[in-house]
Amino acid sequence: MRRQLLELIRCPYCETGLSVSEVFEEQDGEVLRGLVKCECSEFAILEGILNLKADHVAEYFRRLVKEGRQREALGLSLGRYADTLAESVCRVATALESNGTYYGVLGKTMLGLLKARARHEYKRRTSKGATFYSLMGGGGYQTYLKHRFSSPTFWSLYAYVPVLKQKRERILDLCCGTGHASFVISACVEPRELVCADNMFGSLYAARKYFAPQAQFVCLDANCPLPFRDGVFTSVLMLDAFHLVQARASLAHEMERILSAQGLLLVPHLHNSLKYNPSAGKPLTPSGWAGLFHRLAVKGIPEAALVEDFMLRDRLDLTRDYPEDEMDSSDAVHLVGSADSTLLKVFEEVSREFLSQRRNPVINPTYQIDRRQGEVILRRQFPSESFRKEYPLAEKHLPEECSLSGGLAEVVTGTSLSASIDRLSEEDSRKLEDLMRKFVVVNVPEGYC
Ligand SMILES: C[S@@+](CC[C@H](N)C(=O)[O-])C[C@H]1O[C@@H](n2cnc3c(N)ncnc32)[C@H](O)[C@@H]1O
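All figures in this text were calculated on a predicted structure; none of them were measured in a lab. (Residues numbered from 1 in each chain as written. Predicted model: local features only at pLDDT ≥ 70, side-chain atom pairs only at ≥ 80, totals over all residues.)

### Considerations on the overall build of the protein
Note the following rule: Only runs of H or I of at least four residues qualify as helices and only runs of E of at least two qualify as strands under DSSP, and these elements are numbered from the N terminus. Working definition of burial: number of other C-beta atoms within 10 Å of the residue's own, with buried at 20 or more, exposed at 12 or fewer, and partly exposed in between, all C-beta atoms being placed from the backbone.
Counting its regular elements, the protein contains 19 helices and 20 strands. Principal axes of the C-alpha set define a box for the protein whose edges measure 75 × 55 × 45 Å. With 449 residues in all, the protein has 44% of them scored as buried.

Structure (structure tokens):
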């Protein structure tokens, strides 16, 4: 955490400013491990991530950081059940610990077991050379993360690159997950400052390690007031997350509050309560979502229209008004708002930026790779039937099979495309571009898979 970040932040519980109270580890002007204080509380920083949550895990986490037990603190927050099992154990154990002798011993034993588990998790998650992909298990959310680049929900972000570029002074990726969107924003939008926030410390740890190492990270609960000062962000993005937050009315108000006067609000992929969704969360109707915002006029866009415009016509149309029945029959909708009316236009050739990103291109992990007589054959294989059903646009746009030959086949080593893609013939380079447009080849962070 760079100290300047605190200039943007206030305590979400008492709204007073925060200042660094102790530094245990600092590198190149970044506090990696330390404590910050406001008038009501003390919060811990670990691995450069500021943890502003106030639950029992966060409290125990702060205690471990203060005692110099950073491995256990980190392991505690990286566990898959960090927010459920650990929360219950911390709550019961810390209550027992401060009780009489017998209960005190029981509490200490529970905390000891929790620490042992944390050490195990720490080892697993921080092992050298472990790729992001290899650390993810097979659960629903982990599958979602591994195959995020195959999700049309995610593709829609690429369409917004030219809009975000116009408001890139300071961007907030709210509920950023493990940072896939922040990776794309860092590479294609090149913000002057990027802040990533989520309520899962472990996700922020992955985001910092793999996806957006240059960003600043804040662990927070979006059900509480946001810990940022008024008007500090030129863009606020929240992708595929609003329907997971209970306090939607207050969060909408908070997003408006932290946005600069001419800033950009971007809320892609909101589940529509009028349509079935297997992981619905707490959806609203399209007009219900739009009605949460009072200061900004927001424009609603049906997701399928936006994705098809992007995939088939390489454009983003922020001028079009969609009739209510088209919005209501969409599986998901997007909201875009800004007081800067110059943003509400048609953007052409929106892929230009992302197609030029070829630092670490790989074959999309959703494809099985076969080599046959100098050719590379790629076959689409969705991770599960439910994934296929949840993303009909992926089934429509990701080709079922394709083959690479000649110079293009030669640059494929394992799942990666080697550095010699720079020397491809013009024709092969065009073919590569086509594969990128179809998300068969995707540019991913180092260490992704
Ligand atoms: C479906 S994921 C989307 C992640 C990312 N935006 C993306 O599109 O790849 C939803 C994210 O919202 C986060 N989230 C859910 N409820 C939250 C809350 N109350 N406060 C902060 N983050 C929350 C989850 O931890 C998760 O990372």
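### Looking at the domain arrangement of the protein
In plain terms, the rule: For the purposes of this description, domain bounds are those given by an automatic or database domain assignment. Each residue is represented by a C-beta atom placed from its backbone, and any two residues with such atoms within 7 Å are regarded as in contact. Gly is put with the polar residues, along with every residue not named as nonpolar or charged; the nonpolar set is Ala, Val, Leu, Ile, Met, Phe, Trp, Tyr, Cys and Pro, and the charged set is Asp, Glu, Lys and Arg.
For the protein, the domain assignment lists domain 1 (3-135), domain 2 (160-355) and domain 3 (361-443). Here domain 1 and domain 2 have C-alpha centroids that lie 29 Å from each other. Between domain 1 and domain 2, the residue contacts involve 18 residues of the former and 22 residues of the latter. Among the elements that take part in the side of domain 1 that touches domain 2, strand β4 (residues 49-51) stands out by supplying 3 residues, more than any other. Its residues assigned to classes, the side of domain 1 that touches domain 2 shows 11 nonpolar, 3 polar and 4 charged.

### Observations concerning the site of the ligand
Defined as follows: Here, nearness means that the C-beta atom of a residue, built from backbone geometry, sits within 6 Å of the molecule or strand in question.
Around the ligand sit 18 residues, and of these C175, G177, N199, A222 and A241 come closest. Here the shell around the ligand is built from residues that sort into 9 nonpolar, 5 polar and 4 charged.

### Here's the deal with the nonpolar core
As a reminder of what qualifies: Put simply, a nonpolar core is a cluster of buried Ala, Val, Leu, Ile, Met, Phe, Trp, Tyr and Cys residues tied together by C-beta atoms within 7 Å.
Membership of the largest hydrophobic core comes to 126 residues, with the highest contact counts inside it found for L50, C196 and V236. When neighbours within four sequence positions are excluded, C196 is seen to be in contact with D173, C176, G179, S182, L204, A207, A212, A215 and F217.

### Re the sheet that holds strand β1 (residues 19-27)
Rules: When DSSP locates at least two bridges between a pair of strands, those strands are taken to pair. Axis lines are fitted through C-alpha atoms, for helices just across the contact stretch, and the angle between N-to-C directions can take any value from 0 to 180 degrees.
On the basis of which strands lie adjacent, the open sheet formed by 11 strands has the order β1-β2-β3-β4-β7-β6-β5-β8-β9-β12-β10 and mixed pairing. Each of the sheet's edge strands pairs with one partner strand only, and the pair in question is β1 and β10 (298-302). Along the sheet, successive strands turn relative to each other by an average axial angle of 15°, direction set aside. Docked against the sheet, helix α13 (residues 303-313) engages β9 (259-271), β10 and β12 (332-338), running at close to 75° with respect to β10.

### Some remarks on the pairing of β1
Working note: regular strand, side chains alternate between the two faces of the sheet. Sheet topology places β1 next to strand β2 (residues 30-37); 7 bridges connect them, and they run antiparallel. Bridging across to β2, V23 finds its partner in G34. As consecutive antiparallel partners, β1 and β2 are separated by 2 residues, and within that stretch D28 has a phi angle of approximately 45°, a positive value.

### Examining the pairing of strand β7 (residues 216-219)
The alternating pattern of β7 places Q216 and V218 and F217 and C219 on opposite faces, both of which are buried. The pairing of β4 with β7 spans 3 bridges and is parallel. Note that in β7 the partner of N51 across the bridge is C219. As paired elements, strand β6 (residues 193-198) and β7 share 4 bridges and run parallel to each other.

### Quick word on the environment of E193
With respect to the secondary-structure elements, E193 resides in strand β6. Residue class for E193 comes out partly exposed when judged on the 19 C-beta atoms lying within 10 Å of it.

### Details of helix α10 (residues 201-211)
The element α10 is extensively covered by neighbouring structure, given that 9 of its 11 residues are classed as buried. Among the residues making up α10, those that are buried are F201, G202, S203, L204, Y205, A207, R208, Y210 and F211. Where α10 is buried, its residues touch β4, α2 (70-78), α5 (132-135), α9 (180-189), β6 and β7.

### Details of the packing of helix α7 (residues 152-159) against α13
Threshold: If an angle is under 35 degrees, it is roughly parallel; if it is over 145, roughly antiparallel; if it lies from 65 to 115, roughly perpendicular; otherwise it is oblique. Here a crossing is called left-handed whenever its near helix is offset anticlockwise from the far helix by less than a right angle, and right-handed whenever the offset is clockwise.
Axis separation between α7 and α13 bottoms out at 9 Å; the angle between their running directions is 60°. Here α7 lies oblique to α13, going by the angle between them. Note on packing geometry: the crossing formed by α7 with α13 is left-handed. Contact residues: α7 offers P152, W155, S156, Y158 and A159, while α13 offers E303, L306, V307 and F310.

### Describing the sheet that holds strand β15 (residues 367-372)
Within the open sheet, the 3 strands sit side by side as β15-β16-β17. Their pairing is antiparallel. Pairing within the sheet leaves two strands with one partner each, and these edge strands are β15 and β17 (401-404). For this sheet the average axis-to-axis angle between neighbouring strands, irrespective of direction, equals 20°. Inspection of the sheet shows β15 paired to strand β16 (residues 375-380) by 6 bridges, in the antiparallel sense. When the sheet's bridge partners are listed, I369 is paired in β16 with L378.

### Topic: the packing of helix α1 (residues 56-66) against helix α3 (residues 85-97)
Running from N to C, α1 and α3 cross one another at 70°; their axes reach a closest spacing of 8 Å. Here α1 lies roughly perpendicular to α3, going by the angle between them. Here α1 runs over α3; the crossing is left-handed. Between α1 and α3, the residues in contact are H56, V57 and Y60 and A86, E87, C90, R91 and T94, respectively. Split into classes, the residues belonging to the contact of α1 with α3 amount to 4 nonpolar, 2 polar and 2 charged.

### Some remarks on unusual backbone geometry
In this structure, C175 takes a positive phi of about 60° despite not being glycine. Within the element layout of this structure, C175 appears in the loop between β5 (170-174) and α9. The class of C175 is buried, set by 22 C-beta atoms lying within 10 Å. Positive phi outside glycine occurs at D240, with the angle close to 55°. The residue D240 is located in the loop between β8 (233-237) and α11 (248-258) in this model.

### A closer look at the environment of L244
Within the fold, L244 resides in the loop between β8 and α11. By the C-beta count within 10 Å, which is 15 here, L244 ends up partly exposed. Separated by 38 residues in the primary sequence, L244 and K282 have C-alpha atoms spaced 6.1 Å apart.

### A word on α2
For α2, a buried count of 7 out of 9 residues is recorded, marking the element as mostly surrounded by other parts of the structure. Buried within α2 are the following residues: E72, A73, L74, G75, L76, S77 and L78. Where α2 is buried, its residues meet β3 (42-46), α1, α3, α4 (101-126) and α10.

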